[in-house]
Amino acid sequence: MRVRYPRTPHLPWSPGATPDDMRAADLSGLEGQEIVVTEKLDGENTTLYRDGLHARSLDSAHHPSRAWVKALHGRIAPRIPPGFRVSGENLYARHSIAYDGLESWFYAFSVWTGEDRCLDWDATVRFARRLGVPVPPVLWRGTMNERALRALRLDLSRQEGYVVRTARGFSREQFPRSVAKWVRSGHVQTDEHWMLKPVVPNGRGPGAALWDVRSGAAPEAAALLRALRLPADAGEPAGAGEPAGAGEPAGARGERADHADHADHADHAEAAVLDAAARLDVLGRAGDARLAGVLGALLHGWPRVTLMTHLPAALGMPLGRRVGDLVGLHGRLHAPFPDERRRAGLMRMVRAADLGALHAVAAATLAGRRGPEVDAAREQVAWSELHAAEAGLLEEAPLAPLCEGLREALGALEVDAQDRCWAEAAEAWVEGRLHSPEEAAAYGFRWRAGRFPRLVVTVGPPGSGKSSFVERALAGAARVSLDELRAARGSRADQGANAEVLREGLERLDGLLAAGQSVVWDATALTAQQRSLPLSVARRRDALVTCAVFLVPQAVLAERNARRTHRVPDAVLAAQMERFAPPYPGDAHRTWYIDAAGRVADSEGTLFGPERPERPERPERPERPEREEP
């Protein structure tokens, strides 16, 4: 059944309402509600179904401006459940506003179920990302505040207006009380209807290449690299793409390749991303899962830490660090592994990566390569994939049923107890000691009361914000700082007594955990070896262990280091970044990923996880609006 999108009423102060438009009689449906304010985009209202699409008119005829969205629909339609519909804006053709940096020519703004109910906003965002389409930019989010709305500033030469909706879902009958819009005065600024003129496409920005891949389009390596904005001085080594031991000697891998090598790398990158996309399509990956695998194949020769610190700017922290983990792990599938331990090893990797995507990346990086070592690596990947398929590990989230079952069983517990139970259940699943959510809920009984010490290990180079984060977010915990222990001996810069300082710190840590306290191990802990010592103490004392990983681009670190009281020599900082090997998911009970602003931008091992994406800050003191602006 086809359903026409409802008419959206204008807010009482909307200057663009005409006598024929609906105005909201009152705002009582929004009062006291959490609302989301998104940009109103100047396009054609379009609704997508599993089996078709239409513009606002149910019998909309063909028009050249609709060809692209029809092609998009052909890619994403199988992922729209029967009875659902996705409403959004087709922005291919220029109307009154000329866009030049769109992420896509289609933005979804609401998703409707078969019961004619609009999903809540956060579910809408998740659904749209899974399809592979963006949502309109969020301008503000918070409890309904008319004064704050009136104070929003828009660039009226580039923005048509904004739409207000409740964050919660609503029925079609509730639509007039749950959604309203503000439109600029004279928002239609052309003398002739856009459909009667030659079609002039709006411009798309570099980020559109990322959304194309999410939606199922064939990837273009060069366009993806432009979108990612990675630093030019930390690129792919010359021998990248070959299994360990092949290609150039280690000392030559950092040298710049000549023109022929660059051409070869470009050809290999194109072959790798196309091969990865084909494999991911067979696995049914879409949205961010497909993009992560394609980018893992594209960037497989880059240093993992470079990707984890720079990709979040273009992709957000969750997806950026996921790509980094795929790049860091895929080479392990090229190496021989004892068959009797292979299944257990693959199960252990489930927490660290999507194994379907990981195998796709590992195979795609060998595309077009020749030689005995490459053939041997290719055989290892294929054999590993057979084992993973037999164990049911190629699904996107094999642990999801276990997680969902524990959420239902443990939802009333405090967060640390939830996460401890989840981590222990996941480890037991890996070891084959439990198989169902029911077993998992029973297995974690001993940790439900939360009677265990806590340890947070900071992981990051100098200047990444560790001390500030500890002071702000972990103020109630005891602190073992190796720098402070060195300072007590005379100088925090003196590395001559490191063994004694480390021994003293571990003894102090052991005593605090034995007393049941929450403790922060405040050190760089850049490598697995450096982390192993405090982690072994925590295991002995049955502590919940969290790795707080600080992922800050090297340029930001250098800038901060120049202003530090205890400045680290540039050569030392560069050497530390070379050694920096962030932990993988599963190396500790849980992991927090902290960005340059000091925010926990992603987490792993947390049972409930981030419940909603980060929202823009609301204005504390809205200014009086100027004329012609909301």
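As the structure is a prediction and not an experimental result, all values here were calculated from the model.

Asks: What should I look at first to understand the overall build of the chain in this one?
Replies: Tallying secondary structure elements over the chain gives 23 helices and 16 strands in all. Burial status across the chain gives 53% buried among its 630 residues. Of the roughly 28,700 Å² that the chain leaves accessible, carbon and sulfur atoms contribute 51%.

Asks: Would you mind going over the packing of aromatic side chains with me for this structure?
Replies: Each aromatic ring pair is summarised here by two numbers: the centre-to-centre distance and the angle between the ring planes. Enumeration according to the criterion identifies 12 aromatic pairs in this entry. With a centroid separation of 5.3 Å and 70° between ring planes, the pair formed by Tyr5 and Phe109 is classed as edge-to-face. On the criterion of sequence distance, the pair formed by Tyr5 in the segment before strand S1 (34-40) and Phe109 in strand S5 (residues 106-112) is long-range, its members being 104 residues apart. In this structure Tyr5 comes out as buried when scored by relative accessible area, which is 9%. For Phe109, a relative accessible area of 15% translates into the label buried. For the ring pair Trp112 and Phe175, a centre distance of 6.4 Å and an interplane angle of 35° mean the geometry is tilted.

Asks: What should I look at first to understand the sheet that holds S1 in this one?
Replies: Strands pair in a sheet through their backbones, by hydrogen bonds, and they do so in one of two ways: parallel or antiparallel. Spatial ordering of the open sheet is given by S7-S1-S8-S10, a layout of four strands whose pairing is antiparallel. Where the open sheet ends on each side, the last strands, each with one partner, are strand S7 (138-143) and strand S10 (179-183). The mean inter-strand angle of the sheet, taken between neighbouring strand axes irrespective of direction, is 20°. Sheet strands in contact with helix H2 (residues 121-131) are S1, S7 and strand S8 (161-166), and its direction is about 150° off that of S7.

Asks: Please clarify how the sheet that holds strand S15 (residues 590-594) should be interpreted in this entry.
Replies: Strands sit in the order S12-S13-S11-S14-S15-S16 across an open sheet of six strands; the sheet is mixed. The outermost strands of the open sheet, each flanked by one partner alone, are strand S12 (478-481) and strand S16 (600-604). With strand direction ignored, the average angle separating the axes of adjacent strands in the sheet is 20°. As paired elements, strand S11 (residues 454-459) and strand S14 (residues 544-550) share six bridges and run parallel to each other. Opposite Arg454, over in S14, you have Leu544 as the bridge partner. Together, S11, S12 and strand S13 (518-522) form the strand contacts of helix H20 (residues 498-514), whose direction differs from that of S13 by roughly 165°. Its contacts with the sheet put helix H21 (residues 528-540) on S11, S13 and S14, and the angle it makes with S11 is roughly 175°.

Asks: Sorry if this is basic, but what is going on with the nonpolar core here?
Replies: General note: in soluble globular proteins, nonpolar side chains tend to be found buried as a group. Leu295, Leu299, Leu315, Val323 and Trp429 are the most contacted members of the largest nonpolar core, which totals 64 residues. Leu315 has contacts with Leu210, Leu228, Leu291, Leu295, Gly320 and Val323, leaving out every residue within four places of it along the chain. Grouped together as the second largest cluster of nonpolar side chains are 36 residues, Ala478, Val480, Trp521 and Val552 included.

Asks: What's the story with the side chain of Thr38 in this structure? I'm lost.
Replies: Tracing the sequence through the fold places Thr38 in strand S1. You can call Thr38 buried: its relative accessible area is 7%.

Asks: It is not clear to me how unusual backbone geometry should be interpreted in this structure. Could you clarify?
Replies: Backbone geometry follows two general trends: most residues other than glycine have a negative phi, and most peptide bonds adopt the trans configuration. For Asp116, which is not glycine, the phi torsion reads 60° and is therefore positive. Inspection of the secondary structure puts Asp116 in the loop between S5 and strand S6 (117-118).

Asks: Help me understand helix H5 (residues 208-215), please; the structure alone is not making it clear to me.
Replies: The α-helix advances 3.6 residues per turn, and as a result positions three or four apart in sequence lie on the same side. For H5, the tally of buried residues reaches eight of eight residues, placing the bulk of the element in the interior. Within H5 the residues assigned to the buried category are Ala208, Ala209, Leu210, Trp211, Asp212, Val213, Arg214 and Ser215. If you follow the buried residues of H5, they end up packed against helix H1 (67-76), H2, helix H6 (221-228), helix H8 (287-298), helix H10 (312-315) and helix H11 (317-330).

Asks: Explain the packing of H8 against H11 to me, please; I cannot follow it from the model alone.
Replies: Geometry of a packed helix pair, given as the angle between the helix axes and the separation of the axes. H11 packs onto H8 with a crossing angle of 45° between their chain directions and a minimal axis gap of 9 Å. Classed by the angle they form, the pair H8 and H11 counts as oblique. In the crossing of H8 with H11, the sense of the turn from one axis to the other is right-handed. For the pair H8 and H11, contact is made by Asp288, Ala289, Leu291, Ala292, Gly293, Leu295 and Gly296 and by Leu319, Arg322, Val323, Leu326 and Val327, respectively. Residues belonging to the contact of H8 with H11 are distributed by class as follows: eight nonpolar, two polar and two charged.

Asks: Is there a simple way to explain helix H13 (residues 355-364) in this structure?
Replies: Counting buried residues along H13, 10 of its 10 residues qualify, which places the element largely inside the surrounding structure. Here H13 starts with a cap whose side-chain oxygen sits 3.0 Å from the backbone nitrogen of Gly356, and that cap is Asp354.

Asks: I keep staring at the environment of Thr606 and nothing clicks. Help me out?
Replies: Tracing the chain through its elements places Thr606 in the segment after S16. Here the alpha-carbon distance between Thr606 and Val415, two residues 191 residues apart in the chain, equals 8.1 Å. For Thr606, the contacting residues outside a window of four places in its chain are Asp419, Trp422 and Arg590.

Asks: Before we go on, may I ask you to explain the pairing of S13 in this structure?
Replies: Consecutive residues of a regular strand have side chains that alternate between opposite faces of the sheet. Most of S13 sits out of view: four of its five residues are buried. Pairing between S12 and S13: four bridges, direction parallel. Within the sheet, the bridge partner assigned to Arg479 lies in S13 and is Val520.

Rules used in this analysis
- Residues numbered from 1 in each chain as written.
- Predicted model: local features only at pLDDT ≥ 70, side-chain atom pairs only at ≥ 80, totals over all residues.
- Heavy atoms only, no water.
- Helix = DSSP H or I, 4+ residues; strand = E, 2+ residues; numbered from the N terminus.
- Buried < 20%, exposed > 50% of the residue type's maximum accessible area, 1.4 Å probe, protein only.
- Areas by Shrake-Rupley, 256 points an atom, 1.4 Å probe, with all protein chains shown as cover.
- Phe/Tyr/Trp six-rings, centres within 6.5 Å; stacked < 30°, edge-to-face > 60°.
- Pairing = 2+ DSSP bridges.
- Axes fitted to C-alpha atoms, helices over the stretch in contact; angles between N-to-C directions.
- Contact = heavy atoms within 4.5 Å.
- Core = buried A, V, L, I, M, F, W, Y, C linked by side-chain atoms within 4.5 Å.
- Parallel < 35°, antiparallel > 145°, perpendicular 65-115°, else oblique.
- Left-handed = near helix turned anticlockwise from the far one by under 90°.
- Nonpolar A, V, L, I, M, F, W, Y, C, P; charged D, E, K, R; others polar.
- Polar contact = N/O pair within 3.5 Å; in protein donor to acceptor, adjacent residues only side chain to side chain.

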